[in-house]
Amino acid sequence: MRKILASALLLAAAAFATGAHALDSSGTPVVVTPLASRTTTASGQPITLPQKNVQVLVSTYDIAPGATLPVHKHPFPRYAYVEAGTLKVTNVETGNSNTYKTGDFIIEMIGQWHQATNIGNDPVKLLVIDQVEQGTKNTVLRQ
C-alpha cells in the first residue's frame with residue numbers, strides 16, 4: 001500500500017512540474033500551468049511566514065508610466081503577479097535591481113529598503129498578495 005501511495009505521489013509531482021491537466025465536474029479539461037516555485041525572495045532571503053494570527057491581504061496596484069514608488073520595506077512576505085507592464089525594483093541598500101514584465105511573479109524582499117519604477121510606456125498592473133500578522137500593514141515608508 002505504501003509503495004502504491006508513494007508512486008501516486010511521485011506521478012502527481014511529475015505532472016505538476018510539467019503542467020497538469022485536470023477535469024472539472026463536467027469532464028471538461030482544466031489546464032494548470034505552474035507560474036513559480038521558489039524558496040527565497042528576490043534578494044535571496046529564505047521565505048518565512050508570520051508566526052501568529054496570519055492574515056492574507058489581496059490587492060491590485062495600477063502604476064502609471066514613469067511613476068516611482070517611495071522607498072519602502074515589507075516586514076512580512078509579499079508576492080506580486082505582473083498582469084501588465086514593466087517594473088524595475090531596486091534594493092536601495094545594495095543597488096541591485098530586477099526588472100519584471102507581464103507574466104512574471106515577484107517574491108519581494110523582506111525588511112530591505114527598496115523602490116519600484118514603471119520603466120515602460122504602459123501602466124503596470126499588479127496583483128499583490130501579502131501575508132501579515134493580523135491587523136498589521138505590510139508597507140513601511142522610509143522617513
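As a starting point, this report considers the structure included with it. Note that the coordinates shown come from a computational prediction; the quantities given were computed from them, not determined experimentally. (Residues numbered from 1 in each chain as written. Predicted model: local features only at pLDDT ≥ 70, side-chain atom pairs only at ≥ 80, totals over all residues. Heavy atoms only, no water.)

Attention now moves to the overall build of the chain. Helix and strand counts for the chain come out as one helix and eleven strands. The linear arrangement of helices and strands in the chain, starting from the amino end, is α-β-β-β-β-β-β-β-β-β-β-β. For the chain, buried positions account for 26% of its 143 residues. In the chain, of all internal contacts separated by at least 6 residues, the share reaching a separation of at least 24 is 73%. Summed over all atoms, the accessible surface of the chain reaches about 9,300 Å², with 57% contributed by carbon and sulfur. (Helix = DSSP H or I, 4+ residues; strand = E, 2+ residues; numbered from the N terminus. Buried < 20%, exposed > 50% of the residue type's maximum accessible area, 1.4 Å probe, protein only. Contact = heavy atoms within 4.5 Å. Areas by Shrake-Rupley, 256 points an atom, 1.4 Å probe, with all protein chains shown as cover.)

What follows covers the packing of aromatic side chains. Counting across every chain of the model gives one aromatic pair. The positively charged end of Arg 142 is found above the aromatic ring belonging to Trp 113, 5.9 Å away from the centroid. (Phe/Tyr/Trp six-rings, centres within 6.5 Å; stacked < 30°, edge-to-face > 60°. Lys NZ or Arg CZ within 6 Å of the ring centre and 35° of its normal.)

So, about the sheet that holds strand S10 (residues 124–133). If you trace the four strands from one edge of the open sheet to the other, you get S3-S10-S5-S8, paired in antiparallel fashion. Of all the strands in the sheet, the pair left with one neighbour each is strand S3 (54–63) and strand S8 (105–107). Neighbouring strand axes in the sheet, compared pairwise and without regard to direction, differ in orientation by 20° on average. Relative to S10, S3 runs antiparallel, the two being bridged by ten bridges. Each residue of the ladder has a partner; that of Val 56, found in S10, is Gln 131. (Pairing = 2+ DSSP bridges. Axes fitted to C-alpha atoms, helices over the stretch in contact; angles between N-to-C directions.)

Before going further, it helps to spend a moment on the nonpolar core. Counting twelve residues, the largest nonpolar core consists of Ile 63, Ala 80, Val 82, Leu 87, Val 89, Tyr 100, Ile 106, Met 109, Ala 116, Val 124, Leu 126 and Val 128. Secondary-structure elements contributing two or more residues to this core are strand S5 (78–84), strand S6 (86–91) and S10. It is S10 that contributes the most residues to this core, three residues altogether. With sequence-adjacent residues up to four places away left out, Val 124 is seen in contact with Tyr 61, Asp 62, Ile 63, Ala 84, Gly 85, Thr 86, Leu 87 and Asn 118. (Core = buried A, V, L, I, M, F, W, Y, C linked by side-chain atoms within 4.5 Å.)

Under the definition given, this model contains one cavity of 30 Å³ or more. Within this model, the largest cavity holds a volume of roughly 40 Å³. Residue lining of the largest cavity: Ala 42, Val 89, Asn 98, Tyr 100, Ile 106, Glu 108, Met 109 and His 114, and that is the complete set. A class-by-class count of the residues in the lining of the largest cavity yields five nonpolar, two polar and one charged. (1 Å grid on protein atoms, 1.4 Å probe; cavity = no way out; pocket = protein on both sides within 12 Å on 5 of 7 lines; lining within 4 Å. Points joined across faces, edges and corners; volume = space filled by probe spheres on them. Nonpolar A, V, L, I, M, F, W, Y, C, P; charged D, E, K, R; others polar.)

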